[in-house]
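Descriptive analysis of the structure
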Amino acid sequence: AQRVTQPEKLLSVFKGAPVELKCNYSYSGSPELFWYVQYSRQRLQLLLRHISRESIKGFTADLNKGETSFHLKKPFAQEEDSAMYYCALRNTGFQKLVFGTGTRLLVSP
Amino acid sequence: DAGITQSPRHKVTETGTPVTLRCHQTENHRYMYWYRQDPGHGLRLIHYSYGVKDTDKGEVSDGYSVSRSKTEDFLLTLESATSSQTSVYFCATRGLAGEGTDTQYFGPGTRLTVL
């Protein structure tokens, strides 16, 4: 079975502090992992995907197959990073995403 | 925003009444999805479509039906609404991988309250 676990419902940090949003997955095949973000009063949008190995808005995420993790990191949080973050998994060959329960990031001044 | 709109954006209805939510896209994307978003549950797939008149169930499909008679429209129907279906409903679309679209694009959401 495919499952995505985001253990933290809420992560509260101060501006300038490092941020790590945890994501673990269970899937026996070769997964594709994504991070989606939903800012206040905006629609859900893709933040980054593991196959691109890109950095978006200072965020990075590395797929660790040994630990089945895809944690989202940013060295210095900004207030505008406050949002709901969802980790998602897609199995190769299919068109469906399985989402985690989401982590709300709150960055305080 | 991939030209995705949802209607209505807000709806309050009573238990037992039928409700239809509409998702409209202008991107000619093949795949369309309906999710519900609930605190503590994240986004859960209700139904999805991989082409006109081709649909399949997601993980929480009980009590919901869908129809797709045109590429641009994907309808979600609650045959007899229950309070447990109070939620925010999101539509999403995705093009074919070969067209360079490797992501799902989401609509603005519909907030449904069943009293």
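Sequence positions are assigned chain by chain, starting from 1 and proceeding in written order. In the order they appear in the text, chains get letters beginning with A and ligands get numbers beginning with 1. Since the coordinates come from a predicted model, pLDDT governs what is reported: local features require at least 70, and pairs of side-chain atoms require 80 or more to be given and counted, while whole-chain, interface and lining totals use all residues. To obtain the side-chain values, all non-hydrogen atoms of the structure were included, while hydrogens and water were left out.

1. So, the nonpolar core
Residue and element names in this part refer to chain A.
- Here, nonpolar core refers to any group of buried Ala, Val, Leu, Ile, Met, Phe, Trp, Tyr and Cys residues whose side-chain atoms link them within 4.5 Å. For each residue, the accessible area found with a 1.4 Å probe, counting protein chains only, is set against the maximum for its type, and the residue is called buried under 20%, exposed over 50%, and partly exposed in between. Grouped together as the largest cluster of nonpolar side chains are 24 residues, with contacts concentrated most on W35, L72 and Y85.
- Each helix corresponds to a stretch of at least 4 residues labelled H or I by DSSP, and each strand to a stretch of at least 2 residues labelled E; elements are numbered beginning at the N terminus. When contributions to this core are tallied by element, the ones reaching two or more residues are β2 (10-14), β3 (19-21), β5 (31-38), β6 (45-49), β9 (83-91) and β11 (103-108).
- For this core, the element with the highest residue contribution is β9, accounting for 4 residues.

2. Thoughts on the pairing of β6(A)
- The pairing criterion is simple: DSSP has to find at least two bridges between the two strands. One ladder, built from 4 bridges, connects β5(A) with β6(A); its direction is antiparallel. Across the sheet, the residue bridging to A:F34 is A:R49, located in β6(A).

3. Describing the side chain of A:E32
Residue and element names in this part refer to chain A.
- If you trace the backbone, E32 turns up in strand β5.
- E32 sits in the buried class, given a relative accessible area of 14%.
- A polar side-chain atom of E32 sits 2.8 Å from a polar atom in the side chain of R90. N or O atoms closer than or at 3.5 Å make up a polar contact, with two conditions inside protein: a donor-capable atom paired with an acceptor-capable one, and, for residues adjacent in sequence, both atoms drawn from side chains.

4. Quick look at the state of the cysteines
Residues and elements named next belong to chain A.
- A pair of sulfur atoms, both from cysteines and within 2.5 Å, is called a disulfide here. Summed over the entire model, instances satisfying the criterion amount to 2 disulfides over all chains.
- Two residues, C23 and C87, share a disulfide whose sulfurs are 2.0 Å apart. Because the sign of the S-S torsion sets the handedness, a value of about -65° for the bond joining C23 and C87 places this disulfide among the left-handed ones. Placement of C23 in the loop between β3 and β4 (24-26) and of C87 in strand β9 is noted, with a sequence separation of 64 residues between them.

5. Details of unusual backbone geometry
All names here are of chain B.
- Cis peptide bonds are those with omega within 30 degrees of zero, and the linkage from S7 to P8 qualifies with -10°.
- Structurally, P8 is set in the loop between β1 (4-7) and β2 (10-13).
- The phi dihedral of N28 falls on the positive side, at around 60°, and the residue is not glycine.
- N28 gets classed as exposed once you look at its relative accessible area, which sits at 59%.
- A positive phi angle, near 65°, is found at K53, a position not held by glycine.

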